[in-house]
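Architecture and fold: a report
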Amino acid sequence: MLAEQQPILSVRDLRTYYHQDEGIVRAVDGASFDVYAGRTLGIVGESGCGKSVTARSILRIVEQNGRIESGSIHLRRRTSSGQVDEVELTALPANSREMRSIRGGEIALIFQEPMTSFSPYHTVGNQIIEAIRLHSDLSKRAARERAIDLLRMVGIPKPERRIDEYSFQLSGGLRQRVMIAMALSSDPKILIADEPTTALDVTTQAQILELLQRLQDEKGLAIILITHDMGVIAEMADDVVVMYLGRVVERGPVDTIFHAPKHPYTQALLRSIPSILARPRTKLATISGSIPHPYNRPVGCPFHTRCSEIIRGTCDSREPQLQPVGPDHQVSCFLYHS
Ligand SMILES: Nc1ncnc2c1ncn2[C@@H]1O[C@H](COP(=O)(O)OP(=O)(O)OP(=O)(O)O)[C@@H](O)[C@H]1O
Ligand code: SF4
Ligand SMILES: [Mg+2]
């Protein structure tokens, strides 16, 4: 493992834009954060703020009409000789051999809808076995044994039998477990989980989050957990990145973000969590105003069209930058710096 203080992945000033006939969508527009082994980084924000495009950029699977315009993504890993080797992912061609071995190798992805990620024509076992053999030279028989072990590890009952079933025969919760097993097949160091529990009921959601936590404890995995749900962040994250319109507006340790949030957007997100103390059917606070259209980004602070604390003449003309406001805590807002 790397020295604990050294991030396994460092994203700096990442900008990923989509070029459309109608204009440019600045899906990610200057995102910076670090990811550490054994810790969970939560990326949170409303729909369309650039969470998934950030994940796609790290894995270099941005669609044809999109491009990483600038910034860097450094992956650090231990080589077999024990040296720390650093790779700049944005410098690798997306389809290069090295990038393909990192994608689904050191960095694995699980996402919201496991149904679409499995072929209905092959058993889940064969798909996991194929994934295992892609990243190892195990025989078919040994790969099958490993697949059964992986299914057991993610809590699939009777894995010797389940391995020969098709994805449509499994419940949503079991399918998500199988997807996690498949992601683990290459022994990744970083797991990116993009809304892994959004499609599941509350009980199954809790079980899947518990599973991710256990796997992290056992394997020292770094997890990037993408969600629009502050409740999931509270449960899982060690560090938090809050995104708005492609930008990181606040960043810090989870306790700081929950107990001393600085950015008006983070504060609004927190007000929108259902409280366990709230009376049933109490109306949930929502953030006023609507998210600006991606082709029509506001000049100045991206949040100024919805911010109740706007400083007129400043927030609507200049863009604030992410700056320190405490230990490991940064915010981009003119209320705290000029
Ligand atoms: N292939 C694409 N072509 C054009 N624009 C895209 C494409 N993919 C994403 N976008 C745009 O990029 C922005 C960020 O999208 P992204 O999918 O990262 O949002 P998100 O934060 O993951 O939202 P959600 O919570 O809904 O998943 C959005 O404005 C989206 O419309
Ligand atoms: S910079 Fe201004 S508009 Fe933006 S969040 Fe801070 S106070 Fe609100
Ligand atoms: Mg998304």
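Residues numbered from 1 in each chain as written. Chains lettered and ligands numbered in written order. Predicted model: local features only at pLDDT ≥ 70, side-chain atom pairs only at ≥ 80, totals over all residues.

Quick look at the site of ligand 2 now. Every one of the 14 residues lining ligand 2 counts as a neighbour, but Cys301, His304, Cys307, Cys315 and Cys333 are closest to it. Taken together, the residues that form the shell around ligand 2 break down as 11 nonpolar, two polar and one charged. (Near = placed C-beta within 6 Å. Nonpolar A, V, L, I, M, F, W, Y, C, P; charged D, E, K, R; others polar.)

With that settled, the discussion passes to the packing of helix α4 (residues 124-134) against helix α5 (residues 140-153). Running from N to C, α4 and α5 point in directions that differ by 115 degrees, and their axes come no closer than 9 Å. When the axis of α4 is compared with that of α5, the two are roughly perpendicular. Note that α4 runs across α5; the crossing there is right-handed. Residue-level inspection shows Gly125, Ile128, Ile129, Ile132 and Arg133 of α4 in contact with α5, the latter providing Lys140, Ala143, Arg144, Arg146, Ala147 and Leu150. Taken together, the residues of the contact of α4 with α5 break down into six nonpolar, one polar and four charged. (Axes fitted to C-alpha atoms, helices over the stretch in contact; angles between N-to-C directions. Helix = DSSP H or I, 4+ residues; strand = E, 2+ residues; numbered from the N terminus. Parallel < 35°, antiparallel > 145°, perpendicular 65-115°, else oblique. Left-handed = near helix turned anticlockwise from the far one by under 90°. Contact = placed C-beta atoms within 7 Å.)

Turning our eyes to something else, we now look at the domain arrangement of the chain. Domain parsing of the chain yields domain 1 (9-106 + 188-269) and domain 2 (116-187). Look at where the C-alpha atoms of domain 1 and domain 2 centre, and you get two points 25 Å apart. Counting residues at the interface gives 11 residues for domain 1, matched by 12 residues for domain 2. Classifying every residue of the side of domain 1 that touches domain 2 by side-chain character gives seven nonpolar, four polar and no charged. (Domains from an automatic or database assignment.)

Time to look at the packing of α4 against helix α7 (residues 172-184). Contact pair α4 / α7: the axes reach a minimum separation of 9 Å and the direction vectors enclose 20 degrees. In this view, α4 runs roughly parallel relative to α7, as classed from their interaxial angle. As for how α4 packs across α7, the hand of that crossing is right-handed. Of α7, the residues touching α4 (which contributes Val124, Gln127, Ile128 and Ala131) are Val178, Ala181 and Met182. For the contact of α4 with α7, a count of residues per class yields six nonpolar, one polar and no charged.

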